[in-house]
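# Architecture at a glance
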Amino acid sequence: MRYLLCLTVCFALSSPLASQAEEAKKPNILFISIDDQNDWIGCLGGHPQAKTPHIDEIASRGTVFLNAHCQSPLCNPSRTSLMTGRRPSSTGIYGLSPWFRDVPELADLVSLPQHLHANGYTNYSTGKIYHGGYGRKGKDQEFQVLGPPAGVGVKPKQKLVNTPAAHPLVDWGVFPHKDEDKGDYQVASWAVNTLNEKPQEPFCLSVGFFLPHVPCYATQKWFDLYPEDELKVPEIIADDRADTPRFSWYLHWKLPEPRLKFLKDDHQWKNLTRSYLACTSFVDAQIGRVMAALEQNGYADNTIIVLWSDHGWHIGEKEITGKNTLWDDGTRVPLIFAGPGITEGQRCTQPAELLDIYPTLSDLTGLEQPDGLEGHSLTPQLKDANTKRAFPAITTHNHDNHGIRSENWRFIQYADGSQELYDMRADPNEWTNLAGDKKHAAVVEELSKFLPAKSKMPAPNSKHRVLTYTDGIAIWEGEEIKPDAPIPEID
């Protein structure tokens with residue numbers, strides 16, 4: 001009789017029903033991405049007037065990393081790095097093209113969603129997770145269920161701001177329209193409906209918001225959160241670039257995003273600041289809608305929430321707007337974990353990287369990490385935010401330009417060998433370059449040890465915002481930058 005009972009139990013444990021029960025025990029994942037979102041988030045303190053109550057609520061329920069940084073200050077290489085667990089210097093993906101699976105030696109990398117799916121997860125995805133339409137084609141095997149792609153949604157008949165480059169996406173401001181017609185509202189609605197329809201568990205629901213990426217359009221009610229007469233623009237100093245190498249300009253030599261000079265001359269600085277903050281609060285509200293659906297459908301207790309942005313964004317700091325820099329304004333991002341296995345109410349100052357999300361989720365879901373991941377699990381800090389971390393955050397923008405961010409220092413080395421060093425405790429705005437001060441030679445030497453040992457040249461078919469420096473010649477998007485060439489829109 002005992003023998004028969006044992007057989008019955010063994011059969012039950014090996015049956016499909018038992019397997020389904022085991023899968024259901026795995027935590028679900030809500031994977032929230034925000035495009036071009038810098039540290040202007042309430043819990044991060046990047047702007048004193050930022051209103052993001054729903055993101056702040058997620059942070060209070062888990063651990064927020066106050067010193068988290070992207071691996072590249074540009075959409076495609078940043079998202080490729082996060083989703084594959086490899087650094088841009090290891091893949092050669094630096095520009096907006098190519099899609100990494102079109103590069104033969106990278107085509108078979110196991111991405112984060114593929115890793116999850118191989119271990120029983122169903123991937124639901126909407127909005128922008130990879131750059132552009134990457135990962136959404138019929139032949140792609142990244143997600144099992146796809147919702148609407150990222151998009152601007154309703155737009156004015158004409159651009160609201162005549163920027164120097166006249167790019168259609170580089171625009172901002174308020175005009176009469178409805179929140180419901182915006183692309184991010186529709187992305188959130190699909191995520192809410194997916195949760196209401198009880199997705200197959202365990203699931204990973206990826207929700208990628210487009211705003212506050214340009215064009216920064218918002219309806220009047222979001223602008224009203226930031227009255228113009230009370231609005232604070234970013235704090236800057238005159239001639240901030242006087243002590244930075246000329247090569248720092250090469251990383252954003254000619255871009256659609258305008259310089260600070262234009263914002264001042266055209267009286268657009270407050271308008272852009274207000275537009276960006278309004279869009280940030282709008283996205284926060286959409287995140288609140290998704291979080292409410294998670295709670296209402298009973299998933300909150302067994303769902304790991306990860307919220308992140310692909311890179312920062314300048315709004316006048318260092319005399320520019322946009323990304324494509326190795327300073328904190330270009331690299332610092334929101335990174336928040338909440339849910340089972342994560343200590344609540346923590347604020348961690350240890351350096352963290354978006355590259356760490358892949359191994360961290362592997363740990364939190366009890367999955368074995370694939371070989372080749374270059375990030376490090378954040379689970380020690382998710383348990384105790386005071387746990388020291390031996391690794392700095394490393395950001396790379398184009399071949400052989402790297403920023404190293406420790407808890408207290410930022411070190412930058414460009415492809416021509418020029419350097420910058422900032423004491424982030426005494427100088428959080430990075431106004432004083434200390435690289436030439438012999439008193440800090442030991443700091444430079446120590447941080448230099450973390451420069452990537454290898455730095456691949458751009459992958460085949462790389463284009464859009466690609467810079468190379470070979471034999472003393474800098475090439476920006478296929479054109480040589482002469483040593484005495486005037487800096488566009490500045491000189």
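About the thresholds
Residues numbered from 1 in each chain as written. Predicted model: local features only at pLDDT ≥ 70, side-chain atom pairs only at ≥ 80, totals over all residues. Heavy atoms only, no water. Helix = DSSP H or I, 4+ residues; strand = E, 2+ residues; numbered from the N terminus. Salt bridge = Lys/Arg side-chain N within 4 Å of Asp/Glu carboxyl O. Buried < 20%, exposed > 50% of the residue type's maximum accessible area, 1.4 Å probe, protein only. Pairing = 2+ DSSP bridges. Axes fitted to C-alpha atoms, helices over the stretch in contact; angles between N-to-C directions. Parallel < 35°, antiparallel > 145°, perpendicular 65-115°, else oblique. Contact = heavy atoms within 4.5 Å. Nonpolar A, V, L, I, M, F, W, Y, C, P; charged D, E, K, R; others polar. pLDDT = per-residue confidence, 0-100. Core = buried A, V, L, I, M, F, W, Y, C linked by side-chain atoms within 4.5 Å. Disulfide = S-S within 2.5 Å.

Residues other than glycine predominantly adopt negative phi, and peptide bonds predominantly adopt the trans conformation. The omega torsion across Glu201 and Pro202 is -10°, close enough to zero to call that bond cis. Within the secondary structure, Pro202 sits in the loop between helix 7 (183-196) and strand 7 (203-209). Of note in the backbone geometry, Glu319 takes a positive phi value of approximately 70° without being a glycine.

Scanning the model with the defined rule gives 20 salt bridges in all. The partner of Glu353 in a salt bridge is Arg87, and the shortest N-O contact between them spans 2.8 Å. Highlighted residues: Glu353 in strand 14 (residues 352-353) and Arg87 in the loop between helix 4 (75-84) and helix 5 (88-91), separated in sequence by 266 residues. The residues Glu353 and Arg87 share a single accessibility class, namely buried. Between Lys318 and Asp240 there is a salt bridge, and its shortest N-O distance comes to 3.3 Å. Here the residue Lys318 occupies a position in the loop between strand 10 (314-315) and strand 11 (321-322), and Asp240 occupies one in the loop between helix 8 (220-223) and helix 9 (247-250), the gap between them amounting to 78 residues. One network of salt bridges, with partners in common, ties together Asp35, Arg79, Lys128 and Asp310.

Moving on, we come to the pairing of strand 20 (residues 473-476). Burial of strand 20 is one-sided: the residues Ala474 and Trp476 facing one way are buried, the residues Ile473 and Ile475 facing the other way are not. Bridging between strand 19 (residues 467-470) and strand 20 involves four bridges; their strand directions are antiparallel. Opposite Tyr469, over in strand 20, you have Ala474 as the bridge partner. In this antiparallel pair of consecutive strands, strand 19 and strand 20, the connection spans two residues, and Asp471 shows a positive phi of 55°. Judged from the three bridges that link them, strand 20 and strand 21 (residues 479-481) form a sheet pairing that is antiparallel. Within the sheet, the bridge partner assigned to Ala474 lies in strand 21 and is Ile481.

A separate point is the packing of helix 7 against helix 11 (residues 269-296). Remark: helix 7 packs on helix 11, axes separated minimally by 9 Å, with the N-to-C direction vectors making an angle of 5°. Comparing the axis directions of helix 7 and helix 11 gives the class roughly parallel. Each of Asp184, Tyr185, Ala188, Ser189, Ala191, Val192, Leu195 and Asn196 in helix 7 lies in contact with helix 11, whose residues at this interface are Phe282, Val283, Gln286, Arg289, Val290, Ala293 and Leu294. Of the residues contributing to the contact of helix 7 with helix 11, the split by class is 10 nonpolar, three polar and two charged.

Another point: the confidence of the model for the protein chain. Of all residues in the protein chain, 95% have pLDDT values of 70 or greater, and the mean over the chain is 95. Per-element mean pLDDT across the protein chain ranges from 40 in helix 1 (residues 2-14) up to 99 in strand 12 (residues 335-338). Segment residues 1-19 is flagged for pLDDT under 50; beyond a separation of four residues in sequence, or across chains, it makes two contacts in the model.

With that settled, the discussion passes to the sheet that holds strand 16 (residues 402-405). On the basis of which strands lie adjacent, the open sheet formed by four strands has the order 15-16-17-18 and antiparallel pairing. Taken across any chain shown, the strands that pair with only one partner, and hence form the sheet edges, are strand 15 (393-396) and strand 18 (419-423). For this sheet, the mean angle separating the axes of adjacent strands, direction not counted, is 10°. Here strand 17 (residues 409-413) pairs with strand 18 via five bridges, running antiparallel. From the neighbouring strand, Phe411 faces strand 18, where its bridge partner is Leu421.

If you walk across this open sheet you meet the three strands as 19-20-21, and the pairing is antiparallel. Only two strands of the sheet have a single neighbouring strand rather than two, namely strand 19 and strand 21. When the angles between neighbouring strand axes are averaged without regard to direction, this sheet yields 30°.

As a further point, take the environment of Ala150. Relative to the elements of secondary structure, Ala150 occurs in the loop between strand 5 (145-146) and strand 6 (172-174). Given a relative accessible area of 32%, Ala150 falls into the partly exposed group. Ignoring any residue separated from it by four or fewer positions in sequence, one finds Ala150 in contact with Gly127, Lys128 and Phe210.

So, about the nonpolar core. Counting residues in hydrophobic clusters, the biggest one holds 63 residues, and the most contacted among them are Leu30, Leu205 and Ile287. Element by element, the count of residues in this core is highest for helix 11, at 14 residues. With 41 residues, the next largest nonpolar core counts Leu116, Tyr134, Phe337 and Ile357 among its residues.

According to the stated counting rule, one finds zero disulfides in the structure shown. Unpaired in this structure, Cys204 has its nearest cysteine sulfur neighbour in Cys75, at a distance of 20 Å. Judged by its relative accessible area of 4%, Cys204 falls in the buried class. A disulfide-free cysteine, Cys348 has its sulfur positioned 13 Å from the sulfur of Cys43, the nearest such atom. Classification of Cys348 as buried rests on a relative accessible area of 0%.

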